[in-house]
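So the chains spell out like this:
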Amino acid sequence: DNLVTREETNDTKPKVAIDEKGRVIISFANHKPVVISKKKSLRGALIYTLGDSWGVPRSRDVVLEKIKEYTSKEPSGKQIDTAMKEINRVLKKKKLPRLELEDERPDNTWILKVKE
């Protein structure tokens, strides 16, 4: 029963990791990994925190706490929006899909998704 599921073979979810220099990298299937930023930056912390669970709702408070743990600062909503714009600018330059932070949810959770 160790067969790869159909969902795994069609995996369009990017992979997020930390490289040996402490930078957050994101890789999409059939593309070279792209450096987003250092893990200690808001951009890096945001992607690293949300990227390990694509499409899964994460409590806003838990995400902000993790970001604070990595960066030693708690970001404002405007800073989160700006970080997402900067992340998407990096991805656009590399002709990769853009990301979307879905945060208008009644249960106060965030979901990081690949924008269709």
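Residues numbered from 1 in each chain as written. Predicted model: local features only at pLDDT ≥ 70, side-chain atom pairs only at ≥ 80, totals over all residues. Heavy atoms only, no water.

1. What about the confidence of the model for the protein chain?
Where we set the bar: A residue's pLDDT is the predictor's confidence in that residue, given on a scale from 0 to 100. In this description a helix means any DSSP run of H or I spanning at least four residues, a strand means any run of E spanning at least two, and both kinds are numbered starting from the N terminus. Contact between two residues is taken to exist if any of their heavy atoms lie within 4.5 Å; hydrogens are not considered.
The predicted model of the protein chain averages 86 in pLDDT, with 90% of residues at 70 or higher. No element of the protein chain has a lower mean pLDDT than helix H1 (residues 6-9), at 42, and none a higher one than helix H4 (residues 77-93), at 95. Counting contacts from residues 1-10, a segment whose pLDDT is below 50, to residues more than four positions away or on other chains yields one contact.

2. Considering the sheet that holds strand S6 (residues 109-114)
As a reminder, the rule being used: Think of it this way: DSSP has to see at least two bridges between two strands before they count as a pair.
A sheet is described by the order of its strands in space; here three strands give the open sequence S4-S6-S5, paired in antiparallel fashion. Whereas interior strands pair on both sides, the edge strands pair on one side only; in this sheet they are strand S4 (58-59) and strand S5 (99-102). As paired strands, S5 and S6 are joined by four bridges and run antiparallel to one another. Looking at the pairing, Glu102 lines up with Ile111 of S6.

3. Remarks on the environment of Ala29
Residue placement: Ala29 occurs in the loop between strand S2 (23-27) and strand S3 (34-38). The spatial distance from the C-alpha of Ala29 to the C-alpha of Pro14 is 6.9 Å, given a sequence separation of 15 residues.

4. Points about H4
Defined as follows: Helix span is expected to be 1.5 Å times the residue number reduced by one. We call a residue buried when its accessible area falls under 20% of the maximum for its residue type, exposed when it is over 50%, and partly exposed in between, using a 1.4 Å probe and counting protein chains only. Our arc is simply the arc of the directions from the helix axis toward the C-beta atoms.
Between its terminal C-alpha atoms H4 stretches 25 Å, which fits the 24 Å expected from 17 residues at 1.5 Å a residue. Where H4 is concerned, the buried positions are Ile80, Ala83, Met84, Ile87, Asn88 and Leu91. Down the axis of H4, the sector holding all buried residues measures 135 degrees, keeping them to one side. What points out from H4, more than 90 degrees from its buried face, is the exposed set Lys78, Lys85, Arg89, Lys92 and Lys93. Where H4 is buried, its residues meet S2, S3, helix H2 (42-51), helix H3 (60-71), S5 and S6. Lys95 sits one or two residues past H4 and shows a positive phi near 60 degrees.

5. Quick look at the sheet that holds S2
The following threshold applies: Axis definition: a line fitted to C-alpha atoms, over the contacting stretch in the case of helices. Angles run 0 to 180 degrees between N-to-C directions.
Reading across from one edge, S1-S2-S3 is the order of the three strands in this open sheet, with antiparallel pairing throughout. Where the open sheet ends on each side, the last strands, each with one partner, are strand S1 (15-18) and S3. Across this sheet, the average inter-strand angle for adjacent strands is 25 degrees, counted without regard to direction. As paired elements, S1 and S2 share four bridges and run antiparallel to each other. Residue Lys15 lies in a different strand from S2, and its bridge partner there is Ser27. Packed onto the sheet, H2 meets S1, S2 and S3 and runs at close to 115 degrees relative to S3. Set on the sheet, H4 makes contact with S2 and S3; between it and S3 the angle comes to about 155 degrees.

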